[in-house]
Amino acid sequence: MKVVATYNIKGGVGKTATAVNLAYEATRAGNRVLLWDLDPQCAATFFFRIKPTVKGGAKRLIESNGSLAAHIRATDHLGLDLVPADFSMRNLDLHLDTRKRPTRRITTLLEPLADQYDIAILDCPPGITLTSESVFAACDALLVPTVPTTLSMRTLDQLISFLADADRPLVLPFVSMIDRRKKLQRDFLAEIFERVPAHLPTVIASTSVIERMGIERAPVAVFAPRSQSALAYRELWADVARRLWA
Ligand SMILES: Nc1ncnc2c1ncn2[C@@H]1O[C@H](COP(=O)(O)OP(=O)(O)O)[C@@H](O)[C@H]1O
Ligand SMILES: [Mg+2]
């Protein structure tokens with residue numbers, strides 16, 4: 001099982017939109033997919049129409065001796081399962097901190113599922129916390145949606161230098177929510193492509209179709225299969241798969 005996370009120190013950059021659409025595309029490509037919602041905002045849980053409840057709360061989730069198995073829910077899509085979040089996930093760091101090896105915890109919880117799924121996608125909260133470090137240790141790759149702005153580029157630099165000495169995970173930034181009508185954003189796009197060699201080639205534009213996910217509560221390809229955005233997420237999945245199984 002490969003493990004990836006949609007991750008950024010910043011919030012509101014498209015982490016959840018990416019996790020939801022890539023989980024769907026990965027399933028469509030024939031993979032058995034587990035999406036784990038780690039964010040107390042529960043947005044991925046909401047998009048898949050699952051009740052935001054963690055049995056026993058984040059404390060029990062993190063302290064369980066077995067795997068995540070008891071927390072897994074089936075979605076409307078065959079082959080795509082979800083571990084929902086609820087508001088108790090805001091305390092994930094506190095519960096992790098009581099463990100002996102907190103940064104190994106997410107790895108340990110995922111290990112028993114290795115034969116059951118081809119890929120696990122972790123939808124992360126923003127920030128760079130103990131939870132993030134536990135995610136870094138568990139992941140083969142971090143998918144980092146990067147909005148083409150100065151501050152977004154700065155946080156990407158922070159992340160890359162924080163992980164510079166680690167051999168894992170692969171950091172895979174890609175441009176998210178770009179508005180090509182704006183010259184400054186087009187300039188940043190060129191800069192990211194030039195300065196960040198590991199970036200993925202597919203660019204996710206800012207579109208009203210993606211915004212509509214909140215109304216439709218489904219991946220874009222379900223309600224707008226022929227849209228440019230549905231196509232873009234399919235290409236983004238192909239980029240990710242090439243890097244994961246290279
Ligand atoms: N490419 C996009 N175009 C337009 N709106 C988007 C796009 N990606 C995300 N959004 C919207 O922007 C908001 C933040 O996106 P989200 O995926 O929840 O970000 P994060 O998980 O990083 O906080 C949401 O309302 C979402 O619907
Ligand atoms: Mg999110």
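Each chain has its residues counted from 1, following the order in which its sequence is written. The naming scheme follows written order: chains are lettered A onward, ligands numbered 1 onward. Local features in this predicted model are restricted to residues whose pLDDT is 70 or higher, and side-chain atom pairs enter the listing and the counts only when it is 80 or higher, whereas totals over whole chains, interfaces and linings include all residues. Excluding hydrogens and water, the side-chain figures rest on all heavy atoms present in the structure.

### Side note on the UniProt feature "domain: AAA" (unreviewed entry) in the chain
Reasoning step 1: UniProt tags residues 1-164 as "domain: AAA" (unreviewed entry).
Reasoning step 2: Span residues 1-164 is 37% helix and 16% strand, its end C-alpha atoms 24 Å apart. UniProt positions are given in the numbering used here, feature names are shortened, and annotations may be inferred rather than shown by experiment. Only DSSP runs of H or I reaching four residues or more are called helices, and only runs of E reaching two or more are called strands; each is numbered from the N terminus.

### Regarding the environment of Val 220
Reasoning step 1: Mapped onto the secondary structure, Val 220 falls in helix H11 (residues 220-223).
Reasoning step 2: Spatially, the C-alpha atoms of Val 220 and Asn 91 are 31 Å apart, while their sequence positions differ by 129 residues.
Reasoning step 3: Any pair of residues with heavy atoms lying within 4.5 Å of one another is described as a contacting pair. Non-local contacts of Val 220, meaning those with residues more than four positions away in its chain, are made with Asn 21, Val 209, Ile 210, Met 213, Pro 225, Ser 227, Ser 229, Ala 230 and Tyr 233.

### Section: the layout of surface pockets
Reasoning step 1: Here a cavity denotes grid points, spaced 1 Å and computed from the protein atoms alone, that fit a 1.4 Å probe unable to get out, and a pocket denotes an open set having protein on both sides within 12 Å along at least 5 of 7 lines; residues with an atom within 4 Å of a point are the lining. Grid points are joined across faces, edges and corners, and a volume is the space filled by probe spheres set on the points. Reported here for the largest pocket is a volume of approximately 460 Å³.
Reasoning step 2: In this structure, the largest pocket is lined by 24 residues; those nearest its centre are Gly 12, Val 13, Gly 14, Ala 17 and Met 177.
Reasoning step 3: At four residues, the largest contribution of residues to the lining of the largest pocket is made by helix H1 (residues 15-28).
Reasoning step 4: Residue composition of the lining of the largest pocket, by class: eleven nonpolar, ten polar and three charged.
Reasoning step 5: Here the second largest pocket defines a volume of roughly 190 Å³.
Reasoning step 6: Lining the second largest pocket are Asp 157, Ile 160, Leu 163, Ala 164, Pro 169, Leu 170, Val 171, Pro 173, Arg 195, Val 196, Pro 197 and Ala 198.
Reasoning step 7: Elements represented by at least two residues in the lining of the second largest pocket include exactly helix H7 (150-162) and strand S7 (170-178).
Reasoning step 8: Looking at which element gives the most residues to the lining of the second largest pocket, the answer is S7, with three residues.
Reasoning step 9: Grouping the amino acids of the lining of the second largest pocket by side-chain chemistry returns ten nonpolar, no polar and two charged. Amino acids outside the nonpolar list (Ala, Val, Leu, Ile, Met, Phe, Trp, Tyr, Cys, Pro) and the charged list (Asp, Glu, Lys, Arg) are all regarded as polar, and Gly is one of them.

### Quick word on the pairing of strand S4 (residues 80-83)
Reasoning step 1: Exposed residues in this analysis have more than 50% of their type's maximum accessible area, buried residues have under 20%, and partly exposed residues fall in between, with area computed by a 1.4 Å probe over protein chains only. The side-chain alternation of S4 yields two buried faces, one formed by Leu 80 and Leu 82 and the other by Asp 81 and Val 83.
Reasoning step 2: Pairing between two strands is assigned when DSSP locates at least 2 bridges connecting them. Bridging between strand S2 (residues 33-37) and S4 involves four bridges; their strand directions are parallel. Each residue of the ladder has a partner; that of Trp 36, found in S4, is Val 83.
Reasoning step 3: Summarising the sheet, strand S3 (residues 73-74) and S4 pair through two bridges and their orientation is antiparallel. Looking at S4, one finds that Arg 73 is bridged to Leu 82.
Reasoning step 4: From the end of S3 to the start of S4, which pair antiparallel, there are five residues, and Gly 79 there has a positive phi angle of about 90 degrees.

### A look at the site of ligand 1
Reasoning step 1: Near residues are defined by distance, with any heavy atom within 4 Å of the molecule or strand qualifying the residue. Contacts to ligand 1 come from 14 residues, most closely from Gly 12, Lys 15, Thr 16, Ala 17 and Ala 205.
Reasoning step 2: The definition of a polar contact used here is a pair of N or O atoms within 3.5 Å, where within protein one atom must be able to donate a hydrogen and the other to accept one, and adjacent residues in sequence count solely through side-chain atom pairs. Note that an oxygen atom of ligand 1 is positioned 2.9 Å from one of the backbone N or O atoms of Thr 16.
Reasoning step 3: Between ligand 1 and Thr 207 there is a distance of 3.0 Å, counted from a nitrogen atom to a backbone nitrogen or oxygen.
Reasoning step 4: For ligand 1, the protein covers 78% of the area, taking 560 Å² as the surface of the free molecule.
Reasoning step 5: If you list the elements that add at least two residues to the shell around ligand 1, you get H1, strand S8 (204-205) and helix H9 (208-211). Under the convention used here, a 1.4 Å probe and the Shrake-Rupley method define accessible areas, while residue burial counts only the protein chains that appear.

### Some details on the packing of H1 against helix H12 (residues 228-244)
Reasoning step 1: Only the contacting stretch of a helix is used when fitting its axis, a line to C-alpha atoms as for every element, and angles between N-to-C directions run 0 to 180 degrees. With their axes 9 Å apart at the nearest point, H1 and H12 run at an angle of 75 degrees to one another. One element, H1, and the other, H12, form an angle in the roughly perpendicular class. From H1, Ala 17, Thr 18, Asn 21, Leu 22, Glu 25, Ala 26 and Arg 28 reach across to H12, where they touch Ala 230, Tyr 233, Arg 234, Leu 236, Trp 237 and Val 240.
Reasoning step 2: Its residues assigned to classes, the contact of H1 with H12 comprises eight nonpolar, two polar and three charged. Note on terminology: angles under 35 degrees are roughly parallel, angles over 145 are roughly antiparallel, angles of 65 to 115 are roughly perpendicular, and the others are oblique.

### Topic: H7
Reasoning step 1: Take the residue count of a helix, subtract one, and multiply by 1.5 Å to get its expected span. Helix length check: H7 (13 residues) gives 19 Å between terminal C-alpha atoms against 18 Å at 1.5 Å per residue, within 8%.
Reasoning step 2: Of all the positions in H7, only Ser 152, Met 153, Thr 155, Leu 156 and Leu 159 are classed as buried. In a view along the axis of H7, the buried residues occupy a sector of 160 degrees, so they form one face of it. Set apart from the buried face of H7 by more than 90 degrees, the exposed residues are Leu 151, Arg 154 and Ser 161. The arc in question is the one traced by the directions running from the helix axis out to the C-beta atoms.

### Section: the state of the cysteines
Reasoning step 1: Throughout, a disulfide means two cysteine sulfur atoms within 2.5 Å of one another. In the structure shown here, the tally under the stated rule is zero disulfides.
Reasoning step 2: No disulfide involves Cys 139; its sulfur sits 6.6 Å from the nearest other cysteine sulfur, which is in Cys 124.
Reasoning step 3: Relative accessible area serves as the criterion here: at 0%, Cys 139 is assigned to the buried category.

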